[in-house]
Amino acid sequence: MQRCILVAEDNPANQAVLRMQLESLGCEVDIAADGLQALDKYKAREYDLVMADVNMPHMDGLQLARAIRTAERDCARPIPIIAITAATDSSVMIRCKEAGMDDALPKPIDLDGLLSMLNRWLFSPAVNTPETFKDSHQHAAVDSVAVLDTSILKRVVGRVDAQQLHQFLLLFLDTARKDLSASEQDVASSNLASLALHMHKLKSSSRAVGAMCFYNCVIAMEHAAKNKSVAEIAGLMASLNSAFEELKVEIDRSISTQTQLSGVTTESLPQAVQTHTNQVPMDDFLEKMNRNEFEVCFHPKIDLRSMQMVSVEAALRCRASDELISISSVIERLKDESAVWDFAEIWITKALLSGVCLIEGGAQISLDLPLHLKFLNQDRLILFLLATAQATQFPIHKLRIGLEAEGAMVGLEGLKQLHQKGVEATLRCSEVRALSLCQLSGYTFSGIKMYPNLLHMASADEAVLGTLSKYVGDIHKCHAKVELDGVSTDKELAIARRLGCDCVQGDLFGQALTVEQLLGVSSGRGLHE
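Now for a description of the structure that goes with this document.

Rules used in this analysis
- Residues numbered from 1 in each chain as written.
- Predicted model: local features only at pLDDT ≥ 70, side-chain atom pairs only at ≥ 80, totals over all residues.
- Heavy atoms only, no water.
- Helix = DSSP H or I, 4+ residues; strand = E, 2+ residues; numbered from the N terminus.
- Contact = heavy atoms within 4.5 Å.
- Core = buried A, V, L, I, M, F, W, Y, C linked by side-chain atoms within 4.5 Å.
- Buried < 20%, exposed > 50% of the residue type's maximum accessible area, 1.4 Å probe, protein only.
- Salt bridge = Lys/Arg side-chain N within 4 Å of Asp/Glu carboxyl O.
- Expected span 1.5 Å × (residues − 1).
- Pairing = 2+ DSSP bridges.
- Axes fitted to C-alpha atoms, helices over the stretch in contact; angles between N-to-C directions.
- Right-handed = clockwise from strand over helix to strand, strands pointing away.
- Parallel < 35°, antiparallel > 145°, perpendicular 65-115°, else oblique.
- Nonpolar A, V, L, I, M, F, W, Y, C, P; charged D, E, K, R; others polar.
- Left-handed = near helix turned anticlockwise from the far one by under 90°.
- Phe/Tyr/Trp six-rings, centres within 6.5 Å; stacked < 30°, edge-to-face > 60°.

Below, the discussion takes up the side chain of His200. Structurally, the position occupied by His200 is in helix H9 (residues 192-209). With sequence-adjacent residues up to four places away left out, His200 is seen in contact with Asn55, Ala86, Ala87 and Glu222.

Set out below in structure tokens:
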């Protein structure tokens, strides 16, 4: 019988490692980002074991354990609760026992130690003694001082291929980047308690992926923060940032030389199809926008089961030349920051007004709005978007934000704010590595969009098609739909079906249609059958 494990862990990199470890041992895994989420999950279904990080926001592992023990007072068979902690001192172990925890696992968790723990608490009688805690916290020494020692991660997660290895490394970089940014603020505000907590989080994940030079710097910084060694902290922060930059270079080098899929390296993958924008003059672009020399058009998205149009993706087109304009390219080429904001606001307003025309015309569809990643953490954009939707009476639940996979991790806070208002998000992937990484992003996307280059790879290589089909299946397990762009022939439509995609778009169904053209396609009339 498959055992179901509830894991409460706030670090995305540690979540990913634990999921792979437990699934490799035949367990079903349910992840919660903090104690409150874990408690809700615990109350909603039955689990065989709970693993809880001792340090988490909102509700930590100790508080979670107490809440579970209170809830199960009348239960004949209490659930085993295992502490996850990077601390090794006896006082922490005593606090874990007093909170009702049964055992403890040290971070980073190695596969052998995890298997031993599962055997102890799920498959054989366990005796809760102080020695259990003590024995569980023995950890093999690691002598490596390399910038990146991937053998450590392989020992932690067991069997792992190059693609999975790089997923973890990229996810770690994104998580560490956020913690370092927060740590810089802690140093500036002399918040040593918060600084020590961020270092504590980085300590386990950096050691797990084998970032040993960075790990050593983290250890030194945590020690200085705990001992209030203010004079040392500025120099240690510089060393920490330097070690992180070295680590990024080493990870990039590792990926560029080793990542491959069925003999095709990620470097050799063609780039996503781009629209042409070089001919569009930037000097008077905003003036032309205000003069309505650019119009909003739409790419239909077709449900593969019903072959009906279910949503449209907004695009920008020059009236004079019918040339499609890349939103990202415009923002990258506008030099003045105020001009960038002006363009973003004009684009959002035009797109939502055109969307209102579609809905008022009877189109029962959702609107996908491409936005540049640099705005996702900006309150100004979020407030403007919500205010514009209200002012234009655009139904907010029919809006989805589209963004590139490469920068998805840096915009999650902004996306979460929009998600609370009912706005969903689609992640756009132009390469296999990004498509795989999106599953570990820590944010639930309503849809994943694959660009045409992935379609072309699947058309040319049966093995690639099989691998992409597996990714599609994994994404479906996350309750997200998969879209495929660039479908222009019946053969490509058949490939989309073999991949298991939910929606498609491309020349086969019409490109860049105006509001009037779209309203002429009612109830799927005129679509490819």
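To continue, consider the nonpolar core. If you look at the biggest cluster of nonpolar residues, it comprises 77 residues, and the most contacted ones within it are Phe298, Leu316, Phe343, Trp347, Leu369, Leu484 and Val504. Tallying contributions element by element places helix H14 (residues 337-360) first for this core, with 11 residues. With 39 residues, the next largest nonpolar core counts Leu148, Leu169, Leu195 and Leu247 among its residues.

Moving on: the pattern of salt bridges. Counted according to the given criterion, the structure contains 24 salt bridges. Between Lys41 and Asp30 there is a salt bridge, and its shortest N-O distance comes to 3.3 Å. Of the two residues, Lys41 sits in helix H2 (residues 35-44) while Asp30 sits in strand S2 (residues 28-32), which places them 11 residues apart along the sequence. A relative accessible area of 25% means that Lys41 is categorised as partly exposed. According to the relative accessible area criterion, Asp30 is buried, its value standing at 16%. A salt bridge links Lys301 to Glu483, with the nearest nitrogen and oxygen atoms 2.7 Å apart. With Lys301 in strand S8 (residues 294-303) and Glu483 in strand S15 (residues 481-484), this residue pair connects regions lying 182 residues apart in the sequence. The exposure class assigned to Glu483 is buried, which follows from its relative accessible area of 3%. Linked by salt bridges that have partners in common, Lys301, Glu313, Asp368, Arg400, Lys449, Glu483 and Asp485 make up one network.

Here we take up H9. For H9, with 18 residues, the first-to-last C-alpha span of 26 Å sits near the 26 Å given by 1.5 Å per residue. Most of H9 sits out of view: 15 of its 18 residues are buried.

This part takes up the sheet that holds strand S1 (residues 4-8). Read across the open sheet, the 5 strands follow the order S2-S1-S3-S4-S5; overall the sheet is parallel. Strand pairing shows two members of the sheet lacking a second neighbour, S2 and strand S5 (103-106), which therefore form its edges. Geometrically, the sheet is characterised by an average inter-axis angle of 25° between neighbouring strands, direction not taken into account. Alignment of strand S4 (residues 81-85) against S5, held across 4 bridges, turns out to be parallel. By the bridge assignment for S5, Ala83 is matched with Ala104. Each of S1, strand S3 (49-53) and S4 is contacted by helix H3 (residues 61-71), which is oriented at about 150° to S3, the strand it contacts most.

The side chains of a regular strand alternate, first on one face of the sheet and then on the other. Burial runs high along S4: 5 of the 5 residues are buried. Side chains Ile81, Ala83 and Thr85 project from S4 onto one buried face, and the interleaved Ile82 and Ile84 project onto a second face that is buried too. Where S3 and S4 come together, 4 bridges link them in parallel fashion. Directly across from Val50, in S4, lies its bridge partner Ile81. Taking the sense of rotation as the criterion, the β-α-β connection linking S3, H3 and S4 turns out right-handed.

As a packed pair, H3 and helix H4 (residues 90-99) sit with axes 8 Å apart at the nearest point and diverge in direction by 20°. Relative to H4, H3 is oriented roughly parallel. Listed contacts from H4 to Leu62, Ala65, Arg66 and Arg69 of H3 are Arg95, Cys96 and Ala99. A per-class count over the contact of H3 with H4 returns 4 nonpolar, no polar and 3 charged.

Below, the discussion takes up the packing of helix H1 (residues 12-24) against helix H5 (residues 111-122). At their nearest, the axes of H1 and H5 sit 11 Å apart, and the two run at 60° to each other. With respect to H5, the element H1 is oriented oblique. Considering only the axes of H1 and H5, their crossing is right-handed. The residues of H5 that touch H1, namely those facing Gln21, Leu22 and Ser24, are Leu111, Leu114 and Leu118. In the contact of H1 with H5, the residues fall into 4 nonpolar, 2 polar and no charged.

Quick look at the side chain of Asp179 now. Here Asp179 lies in helix H8 (residues 162-189). For Asp179, a relative accessible area of 6% gives the class buried. Once residues within four sequence positions are removed from consideration, Asp179 is found in contact with Asn11, His198, Lys201 and Leu202.

Going through the model one piece at a time under the given rule, you end up with 2 aromatic pairs. Taking the centre distance of 6.1 Å and the plane angle of 80° together, the rings of Phe172 and Phe214 count as edge-to-face. On the criterion of sequence distance, the pair formed by Phe172 in helix H8 and Phe214 in helix H10 (residues 212-226) is long-range, its members being 42 residues apart. Where Phe214 meets Phe244, the ring centres are 5.8 Å apart and the plane angle is 50°; that geometry is what we call tilted. You can see Phe214 sitting in helix H10 and its partner Phe244 sitting in helix H11 (residues 230-258), a full 30 residues away along the chain. Taken individually, Phe214 and Phe244 each receive the classification buried, so the pair is uniform in this respect. Ring pairing ties together the aromatic residues Phe172, Phe214 and Phe244, which thus form one cluster.

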